[in-house]
Amino acid sequence: MTAKVHLDRAHGLALLRDMMRIREFEAACAEQYQAQNIRGFLHLYDGEEAVSVGVMQALAPEDAVVATYREHGQAIARGIPMRPLMAEMFGRLSGCCRGRGGSMHVFDRTTRFYGGNAIVGGGLPLAVGVALADRMQGRANVTACFFGEGAADEGAFHESLNLASLWHLPVLFVCENNGYSMGTPVEVAEADTEIWHKAAGYRMHGERVDGMDVVAVEVAARRAAERIRAGEGPVLLECATYRFRAHSMFDAQLYRDKAEIEQWRERGPILRFRAWLEQAGLLHEGEAATMEAEIRAEVADAVAFAEAAPLEEMADLDRFVTMDEVPA
Amino acid sequence: MSARMTYREACRQAIRDAILADPRVFLMGEDVGRYGGCYAVTKGLMEELGEDRIRDTPLSENTLAGVAVGAAMAGMRPILEIMTVNFSLLALDQIVNSAATIPHMSGGQFAVPLVIRMATGAGRQLAAQHSHSLEGWYAHVPGLRILAPATVADARFMLAAALADPNPVLIFEHVMLYNAEGEIPDGIRSVDIARAAVRRAGGDVTIVTYGGSLPKALAAADMLAAEGISAEVIDLRVLRPLDMETVAASLARTRRVVIVDEGWKAGSLSAEIMARIMEDAFWDLDAPVRRVCAAEVPMPYAAHLEQAALPQPEGIAAAARALVKPP
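Residues numbered from 1 in each chain as written. Chains lettered and ligands numbered in written order. Predicted model: local features only at pLDDT ≥ 70, side-chain atom pairs only at ≥ 80, totals over all residues. Heavy atoms only, no water.

**Observations regarding the interface of chain B and chain A**
Every contact between the two is made by 42 residues of chain B and, on the other side, 42 residues of chain A. Between chain B and chain A, a total of about 3,400 Å² is buried, with carbon and sulfur atoms accounting for 67% of that surface. Three residues stand out in chain B for area buried against chain A, namely H104, M105 and Q109 of chain B, and they jointly supply 19% of the buried area on that side. Viewed at the interface, chain A and chain B are joined by 0 salt bridges. Along the contact surface separating chain B from chain A lie 13 residue pairs in polar contact (both at pLDDT 80 or more). Within the residue set of the side of chain B that touches chain A, elements represented by two or more residues are β2 (25-29), β3 (54-56), α3 (61-73), α5 (92-99) and α6 (102-105) of chain B. (Contact = heavy atoms within 4.5 Å. Buried area = accessible area lost by both parts, 1.4 Å probe. Salt bridge = Lys/Arg side-chain N within 4 Å of Asp/Glu carboxyl O. Polar contact = N/O pair within 3.5 Å; in protein donor to acceptor, adjacent residues only side chain to side chain. Helix = DSSP H or I, 4+ residues; strand = E, 2+ residues; numbered from the N terminus.)

Next comes the structure, spelled out in structure tokens:
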């Protein structure tokens, strides 16, 4: 992996495709929520796709990911197939967590995806621990830890950044600053609204990037990962972004204007990148429509899979409360 | 040949053995290295085993618990030392919301094989922020195994068993036991972490206890013996999952039970044990179950007040006597 981005046609189309896959997957999630096939809390990533897709470009398969309760984007960008993901939302046995986690708690051992964490700031210490384990076992991996700007209010943010820097651990802290902790604007919660400034207090490299620009995110993430792999310690990367939809399906959005949302939509990561690809001659006429059709088919297949998936046996209710062995 | 040592030394040897036996094991905590541990349990270990395996940390209980969870999920076998159970409340989030939930929440994809050791209990005049017995709170939580070594042998060998457990295990070491001396019987190289133990056999009344209250219960049994009352003393050892079989087998013979717990009564472990007895062994009882617990006060500093707030052998004996020979 190098910090240089070779934005050839294939790579550009891959970035666009992954962002569109997230968008379409979540559109189906919202539909299935209305149809009551998905229940509980459902936090959509609509508008923030460039962050996870951009950052994942900097990760190798051996690297690790820790995410939040708004993690469908990370899960898809990391390569977790849509079928077990959708089945998890449906609470089915074929879900990646056998229906025990749901939307907020996606885990996937194969891709080193350490959850889906619904305690704000809860994932940061875990990421430090995963990085410590990699270090102690002689594995030169990076752990990417995603969290919202609200997590910067928590004590765990301070403790984790301090410890990661003190112990020089290979963590890429990715702050997805979407401007609101549920309904509280960042100005109401943070004395300094630029989260990346806090890195200096931990003698950590920090920077802020336009989180609506997938290429900018990829460039910054590759640069950060390169620093980390070179042994220069953890990095705090703040991605300025925006969520187009409500915080969760229960949110009436009384805290912001429709005009504000519209303004951000015009800067939407998919819209913008697609237009750029077209202008640059990398996306040919009709290709976007073909891509869309392919993605819709993938999503429809995932929904059909989830609908047909069996439920966990009631007799297995307490299975995995305690483990009989540590999975190999 | 049996070995005589203090409880503190037993804890220290257990940690040393564990680290030497398995490259995945390391200990981290506040002042565990250079200082040697706030109760001097880890004295000399950093010098011997190195800073990688005995890690001094910042004062960040919640993050340290989360680091232990992450490290355990990624292949290590961390031991986290938290100075006292009162401080562990800062880590409650990671212990309850991560360590205890992730195996289940992930559908069994990840185990969380970690050990958290902490001091518990009163008796050193450390007042209300260093002296409580909150292990019962942790015993409320599915997914955790809760241990309370009361003897030198358990202090010596429970850790290895805890590290071999694929689940998060919390070990509560009572502060008044660290200086206690005891024998490790010949040939004992391991202990189970599943069963309660009968520490003294008797036929008239069962005293159920654990941890720092065990010596007090045994002292009460001595007093009762002098009066011709034969008390059986059960050391629970494991607070979750509870070994109620051993308790039930005892009370089927004695038909009377006193529960001794340094925790408060309300919403407590002692209440849970009573409830299980009511559910499963009510018809074996000849008398109501009695409890001797800490007074419902934050632990006071002054020695006479602290002692008054704690279970004492006289009170335990009185409770047992009242069951056997009603006034």
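**Description of the packing of aromatic side chains**
All chains considered together, the criterion is met by 14 aromatic pairs over all chains. For the pair Y180 of chain A and Y255 of chain A, a centre-to-centre distance of 5.2 Å together with 50° between the ring planes defines the contact as tilted. Residue Y180 of chain A is found in strand β4 (residues 180-181), and its partner Y255 of chain A is found in the loop between β7 (235-240) and α9 (258-266); the two are separated by 75 residues along the sequence. Y255 of chain A sits in the partly exposed class, given a relative accessible area of 23%. An angle of 25° between the planes, with centres 5.1 Å apart, marks the rings of Y39 of chain B and Y178 of chain B as stacked. Linking Y39 of chain B in the loop between β2 and α2 (45-49) with Y178 of chain B in the loop between β7 (169-174) and β8 (181-184), this pair joins segments that are 139 residues apart in sequence. (Phe/Tyr/Trp six-rings, centres within 6.5 Å; stacked < 30°, edge-to-face > 60°. Buried < 20%, exposed > 50% of the residue type's maximum accessible area, 1.4 Å probe, protein only.)

**Comments concerning unusual backbone geometry**
All names here are of chain B. Following R240, the chain continues into P241 via a peptide bond in cis, with omega recorded as -5°. Mapped onto the elements, P241 comes out in the loop between β12 (238-240) and α10 (244-254). Its identity is not glycine, yet Q125 carries a phi of approximately 55°, on the positive side. Following the sequence through the fold, Q125 ends up in the loop between β5 (115-120) and α7 (135-138). For Q125, a relative accessible area of 30% translates into the label partly exposed. Its identity is not glycine, yet R255 carries a phi of approximately 65°, on the positive side.

**Things to note about the domain arrangement of chain B**
Residue and element names in this part refer to chain B. Along its sequence, chain B is carved into domain 1 (3-184) and domain 2 (197-324). Between the C-alpha centres of domain 1 and domain 2 the distance comes to 26 Å. Listed per partner, the contact involves 31 residues of domain 1 and 26 residues of domain 2. The largest per-residue losses of area from domain 1 upon contact with domain 2 belong to Q125, H132 and A148, which jointly make up 23% of the total buried on that side. Remark: the boundary between domain 1 and domain 2 carries 2 salt bridges. As a salt-bridge pair, D154 and R237 come within 2.7 Å of each other at their nearest N and O atoms. At the level of secondary structure, the elements contributing two or more residues to the side of domain 1 that touches domain 2 comprise α7, β6 (145-147) and α8 (152-164). When residues in the side of domain 1 that touches domain 2 are grouped by element, the largest group, 3 residues, is from β6. Class assignment for the residues of the side of domain 1 that touches domain 2 results in 16 nonpolar, 11 polar and 4 charged. (Domains from an automatic or database assignment. Nonpolar A, V, L, I, M, F, W, Y, C, P; charged D, E, K, R; others polar.)

**Some words on the sheet that holds strand β6 (residues 205-210) of chain A**
All names here are of chain A. Strand order in the open sheet made by the 5 strands is β1-β2-β3-β7-β6, with parallel pairing throughout. Two strands bound the open sheet, and with one partner strand each, they are β1 (64-66) and β6. Strand-to-strand, the axes of this sheet are offset by a mean angle of 20°, without reference to chain direction. Where β1 and strand β2 (residues 143-148) come together, 3 bridges link them in parallel fashion. Bridge assignment links V65 to a residue of β2, and that residue is A144. Contacting β3 (171-177), β6 and β7, helix α8 (residues 214-229) crosses the sheet at an angle of about 165° to β6. (Pairing = 2+ DSSP bridges. Axes fitted to C-alpha atoms, helices over the stretch in contact; angles between N-to-C directions.)

**Section: the side chain of E159 of chain A**
Among the secondary structure elements, E159 of chain A is positioned in helix α6 (residues 155-166). Buried charge E159 of chain A goes without a salt bridge, the closest partner of opposite sign being R55 of chain B at 15 Å. A polar atom in the side chain of E159 of chain A sits 2.9 Å from the backbone nitrogen of T63 of chain B. When neighbours within four sequence positions are excluded, E159 of chain A is seen to be in contact with S60, E61, N62 and T63 of chain B. (Lys, Arg positive; Asp, Glu negative; His and termini not counted.)

**Quick word on the sheet that holds strand β4 (residues 77-84) of chain B**
Residues and elements named next belong to chain B. Taken in spatial order, the 7 strands make up an open sheet running β3-β2-β4-β5-β7-β6-β12, and their pairing is mixed. Both edges of this open sheet fall to β3 and β12, since each of them pairs with a single strand only. Direction aside, the axes of adjacent strands within the sheet are offset by 20° on average. Of the strand pairs in this sheet, β4 and β5 are connected by 5 bridges, and their pairing is parallel. Across the sheet, I79 pairs through a bridge with V115, a residue of β5.

**A short note on the pairing of β7 of chain B**
Residues and elements named next belong to chain B. For β7, the buried fraction is high: 6 of the 6 residues fall into the buried class. Burial of the side chains of β7 extends over both faces: V169, I171 and E173 are buried on one face and L170, F172 and H174 on the other. Relative to β7, β5 runs parallel, the two being bridged by 6 bridges. Bridge assignment links V115 to a residue of β7, and that residue is V169. Both β6 and β7 contribute to a ladder of 3 bridges, which runs parallel. The residue bridging R145 from the neighbouring strand is V169, located in β7. The handedness of the β6 to β7 crossover, carried by α8, is right-handed. (Right-handed = clockwise from strand over helix to strand, strands pointing away.)

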